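Here are the chains, one letter per residue:
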Amino acid sequence: MKLDSTVNRIPTVVRVNSVSVGFPNRDGMDEVVHSISFSIDVAERVGLVGESGSGKSLTSRAIMQLVPKPGQITSGTVLLEERNISDSESKIDWRGSEIAIISQDPLTSLNPLVKIGVQISEMLIHHKGMQKSEARIESINLLKSVGLPNPKRTMNQYPNSLSGGMRQRVAIAIAISCKPKLLIADEPTTALDVTIQSQVLDLIESISTENQTAVLLISHDLAVVANFCSRIIVMYDGRIVETGPVNEILNFPKHPYTQALIASVPDLFDTSRERLQTIPGSPPIAGRINLGCSFAPRCTHASDICLTHIPKLEVSSDADQEVACHNPLKRVSS
Amino acid sequence: MTMNQIPLVEVTDLKVYFKGSAGILKSRDIKAVDGVSFTISKGETLGIAGESGSGKSTLARSLIGINKPTSGSIAINGTQISSFKNSALRPIRKKLQMVFQDPYDSLDPRFTIFESISEGLQIRNLAKSEIKDEIANLLQTVKLPVSLASRYPKELSGGQRQRVAIARALATKPDLIICDEAVAALDVSVRAQILNLLQDIQQESGISYLFISHDLSTLRYISKNVAIMYAGKIVEIGSSDNVLTHPQHPYTKALISAVPNISGKRGTKIKSVGEPPDPANLPGGCAFNVRCHDVLPQCSIETPKLLLNLNDSKVACHATANNRNSDSSKGGELHV
Ligand SMILES: Nc1ncnc2c1ncn2[C@@H]1O[C@H](COP(=O)(O)OP(=O)(O)OP(=O)(O)O)[C@@H](O)[C@H]1O
Ligand SMILES: Nc1ncnc2c1ncn2[C@@H]1O[C@H](COP(=O)(O)OP(=O)(O)OP(=O)(O)O)[C@@H](O)[C@H]1O
Ligand SMILES: [Mg+2]
Ligand SMILES: [Mg+2]
């Protein structure tokens, strides 16, 4: 897509065009991510939230062209700065250096048999062409910047002698080492206490500002997303159900799922120890073919059409906010 | 807590040290757990929060015998497990289950979900047909479709894997489940469903939980008592209402002040903090003194004891002990 020359628009770093992901089954494909489209601007910080199993990690892996086998991208393209990376052969060039990922499970991204120091220096030597000694110094700095108490010792340790949060911070250090254009962070702070979490998010924020790095933050912590991101994408059962500016979505959700999700956030200072609020009913079964909206069976606003027609993601009356719902919630001022 | 009842878990002055690495660097021991005591009664939940690397997982692993205590004692139902031979412990350990922070520690990647859970069911001597039904049951309780049973762990999402690990722990009908960040990968709604479920099971069966979580609102809901760990020690312990809403220790205050808020309008940015301590080279006295606002001369010399506070929490802090009547609402920031 051409940039509009009359408007000084921020350029796009990544564009996801109608990407679907499926896993082969006996008689075809189970599609678990259904034709997803969105784009991320340079230096923009976007939050990706949604139900467990809704396809957030697979979407991020699809951007990286790393969908786990036997899964595959069944349709769609991914553009990195207008370059189609969906079928390029020179994947090694951009992976890690232009788009980096902090994967949800830090152990799978760290090699258990290789010392931390080697794992992080290798990135710098390979992608930045650093000398060994230079890479070592830079590695120590990176480990220090993610709040590891003794970076020099950590360099000589293997992943299994680190705590969960320490491993997570090593994975973060590796991901930011090459100052990528897009950083995908899949639940990067689940193993961190809130003070270190805020320190790490500050660090990612300053990297984002200094190097114009865009961030796609996948998180179940809506408060973290509220504080860190400017835009939010909400997924349910392999589809984007709502997207828009973070303040709009969190204060005036239009999709009943988004609203129910926000209502489930527990309050630390709520003294009435009643039961936690949940969304009634069961999560959908990914891959099952639905006629209508897959949230309909759990939705208090569902009407007949919801059971027969899948709603499209459409711009709502409020600018910038898009919602896929036949009966979107009205904006009520509180 | 009833006075004359034997607690399910009684940990006394537990220390777990790791040998420092032999190498170019001076090898000091890492005091991962350094003098921890607590009890968990039957049917009760103790929550543990604290700094990353403060020894929570090590403490949990020592309860199920993975990390050997350096000193101190662990008693389960009144039986010392730190002094027994491994074979004698097996029947006791079977009644303890752990959901590990890393789901791959709970689930063997070579086993299907069905196989993993049925392994847990073995000790209940069920018939083949019963096993199948029970697995379907367990998956439904953790809100997973039964069709996932034939998959391998890597074919699940992060949150689905965690729920399988919980189902596997529940399968054995244990006396205690240690949940180490067991709900961290779940969205808030599914997490709430699982927490409600764990509460229900506790009410029905009198099971106890040791719940490790960085999410303080999870702890507030699930646990009767909460302990806060810093650098291998419990710095504050008491009822979850007291500890989480009227924190006394400066570290607890700092922790709670850093909890991000969903209605946090952009601009109310989360504070940045100072350096976490190096477990192989802790500052003398109170390990928190180098980051503390209320620091007194004695804080760098003498390790504060965990003492009963006015509001029934125990707090290890010289400053809190000195001015118990002072305003507890101030403070709560770390030195940068
Ligand atoms: N290898 C696989 N084979 C079959 N199905 C898979 C495989 N990997 C993932 N899935 C399914 O695809 C769906 C999306 O998974 P994904 O990991 O993207 O979820 P997620 O949104 O990241 O969830 P969570 O928040 O729990 O991490 C899930 O229902 C999952 O079971
Ligand atoms: N096998 C080991 N060998 C050496 N050191 C270890 C080993 N296991 C843990 N440690 C160290 O012990 C300390 C406590 O680790 P532990 O995993 O108990 O922390 P934690 O409180 O669970 O942290 P997190 O919240 O990050 O999971 C850390 O400094 C860690 O590096
Ligand atoms: Mg995921
Ligand atoms: Mg841990």
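Look above for the structure.
Here goes a summary of the coordinates provided. Given the structure is predicted, the values throughout are model-derived calculations rather than measurements.

Residue and element names in this part refer to chain A. Only S57 (OG) and Q104 (OE1) from the protein coordinate the magnesium ion (ligand 3), and they sit 2.0 to 2.2 Å from it. Placement of S57 in helix 1 (residues 56-63) and of Q104 in the loop between strand 6 (99-102) and helix 3 (106-109) is noted, with a sequence separation of 47 residues between them. Under the relative-accessibility criterion, S57 is labelled partly exposed at 23%.

Another aspect to go through is the site of ligand 1. Around ligand 1 there are 20 residues in total, and G53 and S57 of chain A together with S157, G159 and Q160 of chain B lie nearest to it. Neighbouring residues of ligand 1 are distributed over chains A and B. In this structure, S52 of chain A approaches ligand 1 through a side-chain N or O atom, which is 2.7 Å from an oxygen atom. At 2.7 Å, a backbone N or O of G53 of chain A approaches an oxygen atom of ligand 1. For ligand 1, the protein covers 94% of the area, taking 640 Å² as the surface of the free molecule. Of all the secondary-structure elements, those providing two or more residues to the shell around ligand 1 are helix 1 of chain A together with helix 6 (158-171) of chain B. Here the shell around ligand 1 is built from residues that sort into five nonpolar, 11 polar and four charged.

Let us look at the pattern of salt bridges. Across all of its chains, the model carries 17 salt bridges over all chains by this definition. Between E44 of chain A and R231 of chain A there is a salt bridge whose closest N-O contact spans 2.7 Å. Of this pair, E44 of chain A sits in the loop between strand 2 (28-41) and strand 3 (45-50) while R231 of chain A sits in strand 9 (residues 231-236), and the two are 187 residues apart along the sequence. Neither E44 of chain A nor R231 of chain A differs from the other in exposure class; each is buried. Residue R153 of chain A is joined to D278 of chain B by a salt bridge in which the shortest nitrogen-to-oxygen separation is 3.2 Å. Here R153 of chain A is found in helix 6 (residues 151-155), whereas its partner D278 of chain B is found in the loop between helix 10 (250-257) and strand 11 (307-308) on a different chain. Take R153 of chain A and D278 of chain B: they sit in the same class, and that class is buried.

Right, let's talk about the coordination of the magnesium ion (ligand 4) for a bit. Summarising the metal site, the magnesium ion (ligand 4) is bound by the protein donors S57 of chain B (OG) and Q101 of chain B (OE1), whose distances to it range over 2.0 to 2.3 Å. Remark: Q101 of chain B occurs in the loop between strand 6 (96-99) and helix 3 (103-106) and S57 of chain B occurs in helix 1 (residues 56-63); sequence separation between them is 44 residues.

Let us now look at empty space enclosed by the protein. All told, the structure shown has 10 cavities of 30 Å³ or more when counted by the stated rule. Quantified by volume, the largest cavity comes out at close to 270 Å³. Elements represented by at least two residues in the lining of the largest cavity include exactly helix 3 and helix 7 (164-176) of chain A together with helix 6 of chain B. Here the residues of the lining of the largest cavity are counted per class, giving six nonpolar, seven polar and six charged. Taken domain by domain, the makeup of the lining of the largest cavity includes at least three residues from each of domain 1 (9-95 + 174-329) and domain 2 (105-172) of chain B. Roughly 110 Å³ of volume is contained in the second largest cavity. Listing elements by their share of the lining of the second largest cavity, those giving two or more residues are helix 7 of chain A together with strand 2 (30-40) of chain B. In terms of residue class, the lining of the second largest cavity is built from eight nonpolar, four polar and three charged.

This next bit is on the layout of surface pockets. Reported here for the second largest pocket is a volume of approximately 840 Å³. Lining of the second largest pocket is provided by 42 residues; of these, N160, S161, L162 and S163 of chain A together with R61 of chain B occupy positions nearest its centre. Counting residues per element, the ones that place at least two in the lining of the second largest pocket are helix 7 of chain A together with strand 2 and helix 1 of chain B.

What counts, and at which threshold
Residues numbered from 1 in each chain as written. Chains lettered and ligands numbered in written order. Predicted model: local features only at pLDDT ≥ 70, side-chain atom pairs only at ≥ 80, totals over all residues. Heavy atoms only, no water. Donors = N, O, S within 2.8 Å, 3.2 Å for Na, K, Ca; no water. Helix = DSSP H or I, 4+ residues; strand = E, 2+ residues; numbered from the N terminus. Buried < 20%, exposed > 50% of the residue type's maximum accessible area, 1.4 Å probe, protein only. Near = heavy atom within 4 Å. Polar contact = N/O pair within 3.5 Å; in protein donor to acceptor, adjacent residues only side chain to side chain. Areas by Shrake-Rupley, 256 points an atom, 1.4 Å probe, with all protein chains shown as cover. Nonpolar A, V, L, I, M, F, W, Y, C, P; charged D, E, K, R; others polar. Salt bridge = Lys/Arg side-chain N within 4 Å of Asp/Glu carboxyl O. 1 Å grid on protein atoms, 1.4 Å probe; cavity = no way out; pocket = protein on both sides within 12 Å on 5 of 7 lines; lining within 4 Å. Points joined across faces, edges and corners; volume = space filled by probe spheres on them. Domains from an automatic or database assignment.

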